[in-house]
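Here are the chains, one letter per residue:
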Amino acid sequence: MDSALPPVTLDELSVLSRRAATVIDRLRERVFAPGTQKQLDLRFNVRTAAEMVGRSEKAIRDAEGDGRLPSPDKDEDTGRRRGYSLADIARMREVFGTLPHRAPDDPPLVLAVQNFKGGVGKSTIVTHLAQYFALKGYRVCIIDCDSQASTTAVFGLNPDVDVDEEEDTLYPFLRHGGPKTLHYALRATYWPGIAIVPANLGLYDAEYEFAARMARDPAFILDRLREGVESIADQFDIILLDPPPALGMLSLSVLRAANALLVPAPPNNIDFASTAHFLKMLEATLAELARHGGERHYSFVKILTSKMNEQKSAHQAIKRMMDAVFPQDMLLSVLKDSAEIDNASANLMTVYEMTGAATRTETHKRCRAYLDAVGREVELLARKTWPSHHRDLRKEGLL
């Protein structure tokens, strides 16, 4: 029996594709307008600066008075202090010796935020964790391994314009005969303390090249990204890997390169079933990697409940079940669903970048508290992997 609907032709699909591209272009025009460059507008008063640096307000003013710190910026019209930038905070930490960096002999935390299902909040977690760590004074690198390049865009780079797949992404490094290190791809961002290896759609080609080469040279495929991470690791305390939401060659490379895993899992039936499948595939994948000489041991593997809506009884029930089944494996903190994150994402921003009246709402304060709690818990896990931090952790009663 003939269908009452005419078949969709290739030309019609092309029209749909062009229209979708138009929508994306218009959205990006709002963020990447000509002549504009993303910048960090955060300012901290002296009380907040003192808390961040771990010194008193008087110590800061004394250091400004004796020249160890520069005089603070003042508003030209009112003569009042404009507050301190994050770069100013970093300078204070350096002067007072309160930078929280790992010791050179400590291993950097190479954390993959990974789940083979999309829509679980992976890039949201990567961007907010990176900025949480930067606010704390750590040296952070993000390696965007996802050709969708969401994280790249949040950090102010237009993947279609500002990123060349042959020069700026992982792609040339992953090819046979590519650069010896990843230094060529490192980009400073407008966030002090955060560098990024960006991505764009061209990175997707690496999947095909990896797949074609896997049979004849599995060691190269499995170890190449790990070698790249190691080539830049001495510059950073924390390296965050943002892999594609699929089980492909890049995802396998990420599993091999990471020394810790954070698995975002929304508490609904479909997403948690996908997470269960991910964990099962993870077990099989790691066994296969070990068979090829790529055995990997992780400092920790933790599950983070993401996109939690406490108003939904089903979410509460599944969260209770997750806590019962994974009592030692769940992060205690929960990343709750929030319109604040959605609103920031719509403008390719994060909650940590928001300023002004928007930050004084109860919605913003609650969301910031959720994000800070996740950040603190991951920070503690990171510090536990650094022997140089153990004495301080014991003093704080955290070890």
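In this text the structure is predicted, and so the values were computed from the model without any measurement.

## Concerning the overall build of the protein
Phase 1: Counting its secondary structure elements, the protein contains 15 helices and eight strands.
Phase 2: The C-alpha radius of gyration of the protein comes to 23 Å, within 12% of the 21 Å expected for a compact globule of 399 residues.
Phase 3: Projected onto the principal axes, the alpha-carbon positions of the protein cover approximately 85 × 55 × 45 Å.
Phase 4: Put simply, the protein has 399 residues, and 48% of those count as buried.
Phase 5: Taking contacts inside the protein between residues at least 6 apart in sequence as the whole, the part at least 24 apart equals 76%.
Phase 6: Summed over all atoms, the accessible surface of the protein reaches about 20,200 Å², with 51% contributed by carbon and sulfur.
Phase 7: Each charge sign in the protein was given a centre, from 50 positive and 55 negative side chains, and these centres are 6 Å apart.

## Side note on a nonpolar patch on the surface
Phase 1: Judged by side-chain polarity, V8, L10, L13 and L16 come together as a nonpolar surface patch covering roughly 420 Å² of accessible area.
Phase 2: Within the secondary structure, V8 sits in the segment before α1 (10-31).

## Observations concerning the packing of helix α2 (residues 46-53) against helix α3 (residues 57-65)
Phase 1: One way to put it is that α2 packs onto α3 with a least axis distance of 8 Å and a crossing angle of 100°. One element, α2, and the other, α3, form an angle in the roughly perpendicular class. Counted together, V46, R47, A49 and A50 of α2 and E57, I60 and R61 of α3 form the full contact between these two elements.
Phase 2: Among the residues forming the contact of α2 with α3, the class breakdown is four nonpolar, no polar and three charged.

## Quick notes on the domain arrangement of the protein
Phase 1: Splitting the protein by domain gives domain 1 (43-96) and domain 2 (109-396).
Phase 2: Each partner contributes residues to the interface: domain 1 has five residues there, and domain 2 has six residues.
Phase 3: Between domain 1 and domain 2, roughly 390 Å² of surface is buried when both sides are summed, and carbon and sulfur atoms account for 70% of that area.
Phase 4: Put simply, domain 1 and domain 2 have two residue pairs in polar contact (both at pLDDT 80 or more) between them.
Phase 5: Counting residues per element, the side of domain 1 that touches domain 2 draws most heavily on helix α4 (residues 86-96), at three residues.
Phase 6: Residue classes in the side of domain 1 that touches domain 2 are distributed as four nonpolar, no polar and one charged.

Here is what the cut-offs are and how they apply
- Residues numbered from 1 in each chain as written.
- Predicted model: local features only at pLDDT ≥ 70, side-chain atom pairs only at ≥ 80, totals over all residues.
- Heavy atoms only, no water.
- Helix = DSSP H or I, 4+ residues; strand = E, 2+ residues; numbered from the N terminus.
- Rg over C-alpha atoms; globule rule 2.2 N^0.38 Å.
- Buried < 20%, exposed > 50% of the residue type's maximum accessible area, 1.4 Å probe, protein only.
- Contact = heavy atoms within 4.5 Å.
- Areas by Shrake-Rupley, 256 points an atom, 1.4 Å probe, with all protein chains shown as cover.
- Lys, Arg positive; Asp, Glu negative; His and termini not counted.
- Charge placed at Lys NZ, Arg CZ, Asp CG, Glu CD.
- Patch = residues over 30% accessible without salt bridge, like charges linked within 9 Å, V, L, I, M, F, W, Y side chains within 5 Å.
- Salt bridge = Lys/Arg side-chain N within 4 Å of Asp/Glu carboxyl O.
- Axes fitted to C-alpha atoms, helices over the stretch in contact; angles between N-to-C directions.
- Parallel < 35°, antiparallel > 145°, perpendicular 65-115°, else oblique.
- Nonpolar A, V, L, I, M, F, W, Y, C, P; charged D, E, K, R; others polar.
- Domains from an automatic or database assignment.
- Buried area = accessible area lost by both parts, 1.4 Å probe.
- Polar contact = N/O pair within 3.5 Å; in protein donor to acceptor, adjacent residues only side chain to side chain.

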